[in-house]
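# Understanding the architecture of this molecule
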Amino acid sequence: MTDVRTTLDRVSAIRGVRGAMLVSAVDGLVIADSLMDGVDGQAVAALASSLVGRLSRATSAAGMAAPAIVHLRAEQGSVLAVPAGSDVLVVAVTGADANLGLARLEMLDVARGLA
Amino acid sequence: MADDIRAMTAELATDPGSRVFLELGEALRRRGQPEVALKVALAGTARHPALADAHDLLARVQSDLGDGEAAFDAWMDALQTDPSHLGAHKGLGFLYYRAGDLPRALRHLEMAREQDDSPGLAQGIARVREALEREQASAVAEPSAAELAGVPFSLDETEDDAGRSALGAQRSAHAEPPSRRAAEDDLFNGFDGARDGLLLLDHNGLRLGGGIRNADNRDVSDAVAAHLAGVSREAVRTARLLDLGAWQSVVAECGAGNLHLSAPTDETVLLTTRDASVPAGRLSVIAERAGAAARRWLERVS
């Protein structure tokens, strides 16, 4: 678990990233997290897993492959989710000024290490 | 804070896996604290995703907060766990009735009636039946307002995709006046992918125009639209709960293809898909232009 935490710290250390976490894609529960104060990890986990689940059903209906990266962009920030295998999601919450490209690369790296 | 709520909060803090959150959430909403109840319910559903009562609690709180769509999703989640859940059938019956979809309201209330013989529920069913009979009588003469407007909740997750797709197509045929059908041809006129790669839907998952085809060249627009209504609701909810402001887009990179979801207006959702050779930035530009076209089209047909 320490290794996982260290890996998540790498993501959350990126400029503008408010936190990173591993989430069970099956039930939306937090597996591990590295979050700034004020970020509701349980809510992020539940919402991210639900969003990715619904999106996966939509892409399946469209005959597309399952999402490898999901990026919800909002006025004040973003939520990024990267499936690591079928059971785990790497999720990050960022502010509007985040280095999204770097966050994306680190998250893909974390996901590869877990899959 | 009342003693009972304090005691339950303490119990939950000691044992986060306890089901006392159900009682606590209900007590909070009854005391007029729906925002606090929402946190309790969200944590409860996250910890007990297979517990239908947890989704039922979440739905009732969402309903109290005036978020009928979120309540709808939560009650559907409850039924996926327990297809005979009394609270979910009552809640969905209420939502369908409020939305004007009387046949579905009646179906859910009658399923609730199998477990609840209270006079209040019986009276409710009688009222829905009367309203339905009036609507059916007027439909003989002309299409009802509900048919012309499209029913507010098209997504019934107990139906399979094929059934949902067929239902969507059947509704489209009844719901769209001829002038609107003709106008649809103009929606994405001139855009690459006007018939395959751009899809405009309303927030209830009904296709407004454009289309999506799968690898077998089969039109899958209705099934995709039905799923995407849930995605956009989830995006709204996620952005709101994380204080991120209004959501602007959802992009999914899916191997050989990419998907871009945006909201040209508060009431509509636009799906743009392209193969992976189109860079994400360009996909956003295409989606933005298609969104502007959708807004112009909506102004013309409304």
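Residues numbered from 1 in each chain as written. Chains lettered and ligands numbered in written order. Predicted model: local features only at pLDDT ≥ 70, side-chain atom pairs only at ≥ 80, totals over all residues.

### Some thoughts on the overall build of chain B
When helices and strands are counted, chain B shows 13 helices and five strands. Looking at the 302 residues of chain B, the share that counts as buried comes to 43%. Residue pairs in contact within chain B that sit at least 24 positions apart in sequence constitute 46% of those at least 6 positions apart. (Helix = DSSP H or I, 4+ residues; strand = E, 2+ residues; numbered from the N terminus. Buried ≥ 20, exposed ≤ 12 C-beta atoms within 10 Å, placed from the backbone. Contact = placed C-beta atoms within 7 Å.)

### Observations concerning the pairing of strand 2 (residues 207-211) of chain B
All names here are of chain B. The element strand 2 is largely enclosed, with a buried count of five among its five residues. As paired strands, strand 1 (residues 198-202) and strand 2 are joined by four bridges and run antiparallel to one another. The residue bridging Leu198 from the neighbouring strand is Gly211, located in strand 2. Hairpin connection between strand 1 and strand 2: a loop of four residues separates the two successive antiparallel strands, and Gly205 in this loop has a positive phi of roughly 90°. (Pairing = 2+ DSSP bridges.)

### What to know about the sheet that holds strand 1 of chain B
On the basis of which strands lie adjacent, the open sheet formed by ten strands has the order 2(A)-1(A)-5(A)-4(A)-3(A)-3(B)-4(B)-5(B)-1(B)-2(B) and antiparallel pairing. Bordering the open sheet on either side are strand 2 (30-35) of chain A together with strand 2 of chain B, each of which pairs with just one other strand. Between one strand and the next, the sheet's axes are offset by a mean angle of 15°, whatever the strand orientation. Inspection of the sheet shows strand 1 of chain B paired to strand 5 (residues 268-275) of chain B by five bridges, in the antiparallel sense. Bridged to B:Leu198 within strand 5 of chain B is B:Thr272. Against the sheet, helix 12 (residues 221-241) of chain B engages strand 3 (69-74) and strand 4 (77-84) of chain A together with strand 1, strand 2, strand 3 (247-254), strand 4 (257-262) and strand 5 of chain B, with an angle of about 65° to strand 1 of chain B. Contacting strand 1, strand 3, strand 4 and strand 5 of chain B, helix 13 (residues 280-301) of chain B crosses the sheet at an angle of about 145° to strand 5 of chain B. (Axes fitted to C-alpha atoms, helices over the stretch in contact; angles between N-to-C directions.)

### A look at unusual backbone geometry
Residue and element names in this part refer to chain B. Of note in the backbone geometry, Asn217 takes a positive phi value of approximately 65° without being a glycine. Inspection of the secondary structure puts Asn217 in the loop between strand 2 and helix 12. One non-glycine residue, Asp243, adopts positive backbone phi at about 55°. With respect to the helices and strands, the residue Asp243 is situated in the loop between helix 12 and strand 3.

### Things to note about the environment of A:Val17
Residues and elements named next belong to chain A. Position of Val17 among the secondary structure elements: in strand 1 (residues 17-24). Taking the number of C-beta atoms within 10 Å as the measure of exposure, Val17 has 27 and is therefore buried. A C-alpha to C-alpha distance of 8.9 Å links Val17 and Met36, two positions 19 residues apart in sequence. Residues within four places of Val17 in sequence aside, it is in contact with Val11, Ser12, Ala92, Thr94, Ala98 and Ala103.

### Details of the interface of chain A and chain B
Listed as interface residues are 35 residues of chain A and, on the opposing side, 41 residues of chain B. Considering each element in turn, the side of chain A that touches chain B owes the most residues, 14 residues, to helix 2 (residues 41-61) of chain A. Residues that form the side of chain A that touches chain B fall into these classes: 22 nonpolar, eight polar and five charged. (Nonpolar A, V, L, I, M, F, W, Y, C, P; charged D, E, K, R; others polar.)

### Some remarks on the nonpolar core
Inside soluble globular proteins, nonpolar side chains tend to come together where they are buried. Within the largest apolar cluster, 113 residues are counted, with the highest numbers of intra-cluster contacts made by A:Ala48, A:Leu89, A:Val91, B:Trp75, B:Val224 and B:Leu228. Among the elements that line this core, the one with the most residues is helix 2 of chain A, at ten residues. Setting aside anything within four residues of it in sequence, one finds B:Leu228 in contact with A:Ala58, B:Leu201, B:Gly205, B:Leu261, B:Val269 and B:Leu271. (Core = buried A, V, L, I, M, F, W, Y, C linked by C-beta atoms within 7 Å.)

### Quick look at the environment of B:Lys90
The topology assignment puts B:Lys90 in helix 6 (residues 86-99). Spatially, the C-alpha atoms of B:Lys90 and B:Met111 are 8.4 Å apart, while their sequence positions differ by 21 residues.

### Digging into the packing of helix 2 (residues 20-30) of chain B against helix 4 (residues 52-64) of chain B
Residue and element names in this part refer to chain B. With their axes 10 Å apart at the nearest point, helix 2 and helix 4 run at an angle of 15° to one another. Classified by the angle their axes make, helix 2 and helix 4 are roughly parallel. With respect to the hand of their crossing, helix 2 and helix 4 are arranged in left-handed fashion. Each of Leu22, Gly25, Glu26 and Arg29 in helix 2 lies in contact with helix 4, whose residues at this interface are Asp53, Ala54, Leu57, Arg60, Val61 and Asp64. Of the residues in the contact of helix 2 with helix 4, the class split is four nonpolar, one polar and five charged. (Parallel < 35°, antiparallel > 145°, perpendicular 65-115°, else oblique. Left-handed = near helix turned anticlockwise from the far one by under 90°.)

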